[in-house]
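# Observations on the three-dimensional arrangement
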Amino acid sequence: MAVPGATTLSDETVGRVPPALRGLLPVLIAAPVLALAEVLLGASPFATYLLSVVGVNIILAVSLNIVNGMTGQFSIGHAGFMAVGAYIAGVTSLSLKEVALSFLPVAASDQVLFTVALLTGGVAAALCGFLVGLPSLRLRGDYLAIVTLGFGEIIRVVVQNTEAFGRALGLSGIPQYSSVAMVYFWVFLVVLVARRIAGSSHGRSLWAIREDEVAAEAMGVDTTGYKVRAFVISSFFAGIAGGLFAHFVPIINPGSFTFVKSMEIVVMVVLGGLGSTTGAIIAAIFLTLLPEGLRSLFGALGAEGSLAQKVDQIRMPVYGLLLVVLMLARPQGLFGTKELWDVVPRWLPRKKKGMS
Amino acid sequence: MSQLLQHLINGLAAGTIYALVALGYTMVYGVLKLINFAHGDVMMVGVYMGYATAFALGRQAQHSLWGVVLIFAVAMVGCALLGFLIERFAYRPLREKPRLTALITAIGISFALSYGFQLDIGFLPGASPRAFPEVITPSEWFIVGDRDVVVWNWQVISFLIAVGLMAGLQFLVYRTRFGKAMRAVSFDHRTAALMGIPTDRIIALTFMLSSALAAGAGLLYAIKDTSVSPLMGLYVGLKAFVAAVIGGIGNVPGAVVGALLLGLVEEFVVGYAASTWRDAVAFGFLILVLLVKPGGLFGRVAAEKV
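This write-up is about the structure you can find in this document.

What counts and what doesn't
Residues numbered from 1 in each chain as written. Chains lettered and ligands numbered in written order. Predicted model: local features only at pLDDT ≥ 70, side-chain atom pairs only at ≥ 80, totals over all residues. Heavy atoms only, no water. Contact = heavy atoms within 4.5 Å. Buried area = accessible area lost by both parts, 1.4 Å probe. Polar contact = N/O pair within 3.5 Å; in protein donor to acceptor, adjacent residues only side chain to side chain. Helix = DSSP H or I, 4+ residues; strand = E, 2+ residues; numbered from the N terminus. Nonpolar A, V, L, I, M, F, W, Y, C, P; charged D, E, K, R; others polar. Core = buried A, V, L, I, M, F, W, Y, C linked by side-chain atoms within 4.5 Å. Buried < 20%, exposed > 50% of the residue type's maximum accessible area, 1.4 Å probe, protein only. Salt bridge = Lys/Arg side-chain N within 4 Å of Asp/Glu carboxyl O. Patch = residues over 30% accessible without salt bridge, like charges linked within 9 Å, V, L, I, M, F, W, Y side chains within 5 Å. Areas by Shrake-Rupley, 256 points an atom, 1.4 Å probe, with all protein chains shown as cover. Expected span 1.5 Å × (residues − 1). Axes fitted to C-alpha atoms, helices over the stretch in contact; angles between N-to-C directions. Parallel < 35°, antiparallel > 145°, perpendicular 65-115°, else oblique.

## Things to note about the interface of chain B and chain A
Each side of the interface is counted separately: chain B has 47 residues, and chain A has 37 residues. Roughly 3,800 Å² is buried in total at the junction of chain B and chain A, and carbon and sulfur atoms are behind 79% of that figure. Our count for the contact surface shared by chain B and chain A stands at zero residue pairs in polar contact (both at pLDDT 80 or more). Sorting the residues of the side of chain B that touches chain A by element identifies helix H3 (65-91), helix H4 (99-116), helix H9 (232-247) and helix H11 (278-292) of chain B as the ones contributing at least two each. Ranked by the residues each element gives to the side of chain B that touches chain A, the list is headed by H4 of chain B, at 13 residues. In the side of chain B that touches chain A, the residues fall into 33 nonpolar, eight polar and six charged.

Listed below in structure tokens is the structure:
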């Protein structure tokens with residue numbers, strides 16, 4: 001980037017924006033789009049629901065990508081962190097239900113309380129991430145995968161046996177504060193954080209650990225510290241995703257956060273390409289909308305209702321085969337470690353090599 | 001006191017079955033350094049093969065000894081074939097790739113099998129659990145005092161079969177040419193190939209052997225549990241895997257000890273605490289063991305070279 005005389009078109013374009021505004025630019029673009037979406041979707045609860053699910057899955061995939069993709073620590077218990085966030089945020093919201101901030105209008109006060117609940121859930125999940133990250137001090141590879149899996153299962157069992165969390169029946173009556181704008185605000189935030197990490201020296205250390213842990217350590221990278229931090233950040237966002245999820249579905253129960261959910265997220269990350277934020281986002285959108293698309297396709301074709309119902313049944317075996325075929329044919333996933341701007345056609349204005 | 005004894009017996013009986021499944025994990029890991037996540041689901045397929053055979057032989061009729069042998073034989077041979085196919089088409093192409101790719105493939109196969117079997121299309125069995133036919137009619141063999149301690153015949157039979165299979169495996173690994181080749185491949189498969197050992201064939205045979213063991217263990221489990229479902233492989237497989245890791249994966253006696261320990265721990269949790277906590281305790285035990293001894297109880301942590 002600092003090569004003299006190699007100023008590219010996009011550098012010039014960015015150069016015209018005052019530096020103070022540069023970081024805000026994505027927000028300035030996103031905010032009106034979200035506001036518009038919120039207005040347009042007001043009439044269609046199903047579209048709102050679908051968009052929210054897509055958003056939550058994007059948050060989950062992008063956050064898991066920080067651990068699985070960037071750090072190379074194969075974690076298969078992400079649903080556990082999501083469960084922590086969902087339940088803690090749900091319980092917080094339930095206990096704050098009667099409280100209102102008198103100096104604010106009701107809607108604003110609700111959103112403030114919602115944010116508080118979300119952050120509580122996120123922090124609780126981050127603490128759990130810290131606990132899971134610690135064993136990575138001594139374990140690596142397959143063993144760490146198993147510990148994360150075990151952790152996810154332990155969370156499920158604990159939730160199932162705790163009175164405050166509604167046991168197997170789950171938690172209902174959580175106020176439905178979540179909105180598309182809120183979900184996509186967090187999507188924006190997690191993508192921003194993931195990209196900032198990837199470009200920072202912190203991220204370079206994560207990549208180094210991913211490529212060769214022993215060599216990274218020999219080069220003076222504090223591998224344990226970075227791995228634990230990656231776990232903490234990733235699980236924080238998983239907790240946020242859980243909290244958002246809890247506030248737009250009518251009921252959360254332990255059945256929503258099983259090993260199967262963890263694997264769904266892993267499939268998204270692997271399909272997109274381990275290490276590519278763009279890939280995680282696109283795979284999350286694709287895999288979330290695919291069953292819905294197939295269902296409505298079968299419905300439109302006039303097939304008996306049974307076929308449309310079978311879509312959900314067929315989904316999991318297809319995920320499994322997809323993993324196998326991907327590993328055999330394209331182990332780096334759709335995007336590899338590339339991002340959107342690495343694959344857009346050459347004639348589009350873009351930066352030369354280097355991280356953005 | 002008698003209650004403790006009863007729990008001990010039940011725990012050991014559960015542990016022997018875990019041990020048989022765990023041996024499959026350990027063998028494959030020993031030879032390929034691959035956690036064969038699909039092992040439990042191969043076991044499930046074997047159980048369904050046995051189930052189909054039992055029904056083909058006659059619905060609820062008491063099976064003769066030869067009938068039982070036939071059920072086991074069909075399931076074990078069928079699973080050996082399935083194991084061969086999985087190894088040939090899913091794992092062999094990835095042998096020189098990073099280990100994580102093979103692990104992801106294994107998880108994929110596990111999902112394809114366990115959820116594929118839940119479909120109710122064509123000959124697939126559907127999601128609902130089925131009652132396993134009474135291959136061995138349960139009866140109480142030893143009763144101490146006034147039914148204080150009860151030992152069932154299937155507990156003794158599965159214990160004997162399990163011990164027999166384990167002894168056979170130990171003999172195979174340490175006393176035969178095939179076992180020697182297996183150990184050589186496990187030590188360094190490239191050098192083994194240079195020495196004229198047909199590595200591909202040895203690895204395929206190891207897979208077939210471990211899959212056949214899994215089928216046998218699965219049938220014993222089904223006889224004990226009297227119900228079969230497509231998801232049984234996921235959970236029994238996970239438990240057995242936990243057992244193998246506790247013992248130090250890749251170590252045959254370690255797998256057996258780990259499985260017996262896990263069986264006892266689970267039985268005591270169910271007996272003295274609450275059965276709903278069983279899975280959490282199993283994984284908690286695993287994490288605890290790994291934190292203290294990262295290589296498992298009998299495993300060695302190899303110093304990593306740069």
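## Here we look at the nonpolar core
Residues Leu244 and Ile252 of chain A together with Phe37 of chain B are the most contacted members of the largest nonpolar core, which totals 194 residues. The leading source of residues in this core is helix H1 (residues 2-32) of chain B, at 13 residues. Discounting residues that sit within four places of it in the chain, Phe37 of chain B has contacts with Ile76, Ile146, Leu149 and Phe259 of chain A together with Tyr25, Leu103, Ala106, Ile107, Ser110 and Leu238 of chain B.

## Some remarks on the pattern of salt bridges
All told, the structure shown has twelve salt bridges over all chains when counted by the stated rule. Ionic pairing is found between Glu213 of chain A and Lys227 of chain A, a salt bridge with its closest N-O pair at 2.7 Å. Pair noted here: Glu213 of chain A is in helix H10 (residues 213-218) and Lys227 of chain A is in helix H11 (residues 223-246), with a separation of 14 residues, a long-range link. Just as Glu213 of chain A is buried, Lys227 of chain A falls in that class too. A salt bridge links Glu266 of chain B to Lys239 of chain B; the nearest nitrogen and oxygen atoms lie 3.1 Å apart. Here Glu266 of chain B, found in helix H10 (residues 252-272), pairs with Lys239 of chain B, found in helix H9; they are 27 residues apart in sequence, far enough to count as distant. With a relative accessible area of 5%, Glu266 of chain B lands in the buried category. The network of salt bridges with common partners includes Glu87, Arg92, Arg95 and Asp200 of chain B.

## Observations regarding the environment of Gly24 of chain B
All names here are of chain B. With respect to the helices, strands and loops of the structure, Gly24 is situated in helix H1. The spatial distance from the C-alpha of Gly24 to the C-alpha of Ala244 is 9.1 Å, given a sequence separation of 220 residues. Sequence-distant contacts of Gly24, that is, excluding residues within four places in its chain, are made with His39 and Ser210.

## Some points on a nonpolar patch on the surface
On the surface, a cluster of nonpolar side chains totalling about 460 Å² of accessible area is made up of Phe286, Leu290, Leu294, Leu297 and Leu301 of chain A. One can find Leu290 of chain A in helix H13 (residues 277-300).

## Some words on helix H2 (residues 39-57) of chain B
All names here are of chain B. Relative to the 27 Å expected for 19 residues at 1.5 Å per residue, H2 spans 27 Å between its end C-alpha atoms, a close match to the ideal helical length. Most of H2 is tucked away: 14 of the 19 residues are buried. Two residues or fewer past H2, Gly58 is found with a positive phi of approximately 140°.

## Notes on the environment of Val56 of chain A
Residue and element names in this part refer to chain A. Note that Val56 resides in helix H4 (residues 45-70). For Val56, a relative accessible area of 2% corresponds to the buried category. Placed 185 residues apart in sequence, Val56 and Ala241 show a C-alpha to C-alpha distance of 5.3 Å. Filtering out sequence-adjacent residues up to four positions away, Val56 remains in contact with Met82, Val183, Ala241, Leu244, Phe245 and Phe248.

## Some words on the packing of helix H5 (residues 153-175) of chain B against helix H8 (residues 199-225) of chain B
All names here are of chain B. At a minimum axis separation of 10 Å, H5 and H8 run at an interaxial angle of 170°. The pairing of H5 with H8 is recorded here as roughly antiparallel in orientation. Listed contacts from H8 to Trp154, Ser158, Ile161, Leu165, Leu169 and Leu172 of H5 are Leu209, Leu213, Leu220, Ile223 and Lys224. A breakdown of the residues in the contact of H5 with H8 according to their chemical character gives nine nonpolar, one polar and one charged.

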